[in-house]
Amino acid sequence: DQQVKQNSPSLSVQEGRISILNCDYTNSMFDYFLWYKKYPAEGPTFLISISSIKDKNEDGRFTVFLNKSAKHLSLHIVPSQPGDSAVYFCAASGLWGAQKLVFGQGTRLTINP
Amino acid sequence: DAGVTQSPTHLIKTRGQQVTLRCSPKSGHDTVSWYQQALGQGPQFIFQYYEEEERQRGNFPDRFSGHQFPNYSSELNVNALLLGDSALYLCASSKLSGATNEKLFFGSGTQLSVL
């Protein structure tokens, strides 16, 4: 039962263009959503998050959009840089606490010079 | 300021053996959670420890157990290893606040291979 899904295993984008990573969820009890970035041989690092009461959150080059009716969120990176090449995980939590995150399968983003 | 540290980095075990993985949380953090990341998958929650007690548990069998020490460090034990236990085991720490926007900080993980 995959409650958080990232349907694109990989994405390739040219440097300077916009990267859009997508995530769908099924559990209506999720109320907080996060994006983590993971480089090889490192643990996931927090990137950006959004509460279910908002539909957009921006932090520099990174913006997360939440569409609750569609149970869909997306991460926009603009402009994309070579250092953004990594695996991106979408994650969600609920009232049970922030320590129990439910992760998607991840999307490998490659930024081409 | 040291982040979350895990040891060992890599481990090779044989089916049926037992393994212990260790985690030191980020300074100032009091809560430790463990995750299993199989190849090509996202991390899956195993359990959470706070005040030396298991507080929440994911869908993992009793072969997976843990411990938290008074200094907040933690161990993950897996008994009767199966081939399917081969994965990257991630430790995450946080300062328990009860807020939904509490952030988890992850270690680099222990890569366990079961032969």
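(A) The arrangement of the overall build of chain A in detail. For chain A, the helix and strand inventory stands at 0 helices and 11 strands. Of the regular secondary structure in chain A, the N- to C-terminal order runs β-β-β-β-β-β-β-β-β-β-β. Dimensions of chain A, computed from the C-alpha atoms along their principal axes, are close to 40 × 30 × 20 Å. With 113 residues in all, chain A has 49% of them scored as buried. Here the analysis covers contacts within chain A between residues at least 6 apart in sequence; of these, 55% occur between residues at least 24 apart. Accessible area of chain A: about 5300 Å², with a carbon and sulfur share of 50%. A gap of 3 Å separates the mean positions of the 11 positive and 9 negative side-chain charges of chain A.

(B) View of the sheet that holds strand 7 (residues 62-67) of chain A. All names here are of chain A. With respect to topology, 5 strands assemble into an open sheet ordered 1-3-8-7-6, the strand pairing being antiparallel. Looking at which strands have only one partner, the edges of the open sheet turn out to be strand 1 (4-5) and strand 6 (56-59). The pairing of strand 1 with strand 3 (residues 19-25) spans 2 bridges and is classified as antiparallel. Bridging across to strand 3, V4 finds its partner in Y25.

(C) Geometry of the pattern of salt bridges. Residues and elements named next belong to chain A. One pass over the full model with this rule turns up 7 salt bridges over all chains. Among the ionic pairs, E58 bridges to K56, the shortest N-O distance being 3.8 Å. Exposure remark for K56: the relative accessible area of 43% places this residue in the partly exposed category. R61 is paired through a salt bridge with D84; the nearest N and O atoms lie 2.8 Å apart. Linking R61 in the loop between strand 6 and strand 7 with D84 in the loop between strand 8 (72-77) and strand 9 (86-94), this pair joins segments that are 23 residues apart in sequence.

(D) Inspection of the state of the cysteines at higher detail. Across all of its chains, the model carries 2 disulfides over all chains by this definition. Disulfide pairing is shown between C23 of chain A and C90 of chain A; the S-S distance is 2.1 Å. What sets the handedness of the C23 of chain A and C90 of chain A disulfide is the S-S torsion sign, and at about -75° it is left-handed. Here C90 of chain A lies in strand 9 and C23 of chain A lies in strand 3, a separation of 67 residues in the sequence. When sorted by exposure, C23 of chain A lands in the same class as C90 of chain A, which is buried. In this model, C23 of chain B is linked to C91 of chain B through a disulfide, with the two sulfur atoms separated by 1.8 Å. Between C23 of chain B and C91 of chain B, the disulfide has an S-S torsion of -60° and is therefore left-handed. Note that C23 of chain B is positioned in strand 3 (residues 19-24) and C91 of chain B in strand 9 (residues 87-94), a separation of 68 residues in sequence. Considered together, C23 of chain B and C91 of chain B belong to a single accessibility category, that of buried residues.

(E) Structural view of the sheet that holds strand 8 (residues 74-78) of chain B. All names here are of chain B. Reading across the sheet, the 4 strands line up as 1-3-8-7 and stay open at both edges, with antiparallel pairing between neighbours. Only two strands of the sheet have a single partner each, and these edge strands are strand 1 (5-7) and strand 7 (64-68). Recorded for the sheet is a direction-independent mean angle of 20° between the axes of neighbouring strands.

(F) A look at the interface of chain B and chain A. Counting from both sides, the interface comprises 25 residues of chain B and, opposite them, 19 residues of chain A. Taken together, the two surfaces of chain B and chain A that pack against each other cover about 1700 Å², and 58% of this comes from carbon and sulfur. Among the residues of chain B in contact with chain A, Q56, T100 and F106 of chain B are the three that bury the most area, contributing 28% of the side total. Counting every contact that joins chain B to chain A gives 0 salt bridges. If you list the elements that add at least two residues to the side of chain B that touches chain A, you get strand 4 (31-37), strand 5 (44-50), strand 6 (53-57) and strand 9 of chain B. The greatest single-element share of the side of chain B that touches chain A, amounting to 4 residues, is contributed by strand 4 of chain B. Of the residues belonging to the side of chain B that touches chain A, the class tally is 9 nonpolar, 13 polar and 3 charged.

Rules behind the numbers
Each chain carries its own residue numbering, running from 1 in the written order of its sequence. Chain letters start at A and ligand numbers start at 1, both assigned in the order the entries are written. This being a predicted model, a pLDDT of at least 70 is required before a residue's local features are given, and a value of 80 or more before pairs of side-chain atoms are given or counted; all residues contribute to the totals for chains, interfaces and linings. No hydrogens and no water enter the side-chain calculation; it runs on all heavy atoms of the structure. The way it works is that DSSP assigns letters per residue, a run of H or I at least four long becomes a helix, a run of E at least two long becomes a strand, and they are numbered from the N terminus. Burial classification: accessible surface area is computed with a 1.4 Å probe over protein chains only, and a residue below 20% of its type maximum counts as buried, one above 50% as exposed, and the rest as partly exposed. The contact criterion used throughout is that any non-hydrogen atoms of two residues lie within 4.5 Å. Working definition of accessibility: Shrake-Rupley area with a 1.4 Å probe, residue cover restricted to the visible protein chains. Charge convention: Lys and Arg are scored as positive, Asp and Glu as negative, and His as well as the terminal groups of each chain are ignored. All charge positions are set by atom: Lys at NZ, Arg at CZ, Asp at CG, Glu at CD. Whether two strands pair depends on DSSP finding at least two bridges between them. We define a salt bridge as a contact between a side-chain nitrogen of Lys or Arg and a carboxyl oxygen of Asp or Glu at a distance within 4 Å. Cysteine sulfur atoms are paired as a disulfide whenever they fall within 2.5 Å. Inter-axis angles, ranging from 0 to 180 degrees, are taken between N-to-C directions of lines fitted to C-alpha atoms, where helices are fitted over the stretch in contact. By buried area we mean how much accessible surface two parts lose on assembly, using a 1.4 Å probe and totalling the loss over both. Put simply, Ala, Val, Leu, Ile, Met, Phe, Trp, Tyr, Cys and Pro go in the nonpolar bin, Asp, Glu, Lys and Arg in the charged bin, and everything else, Gly too, in the polar bin.

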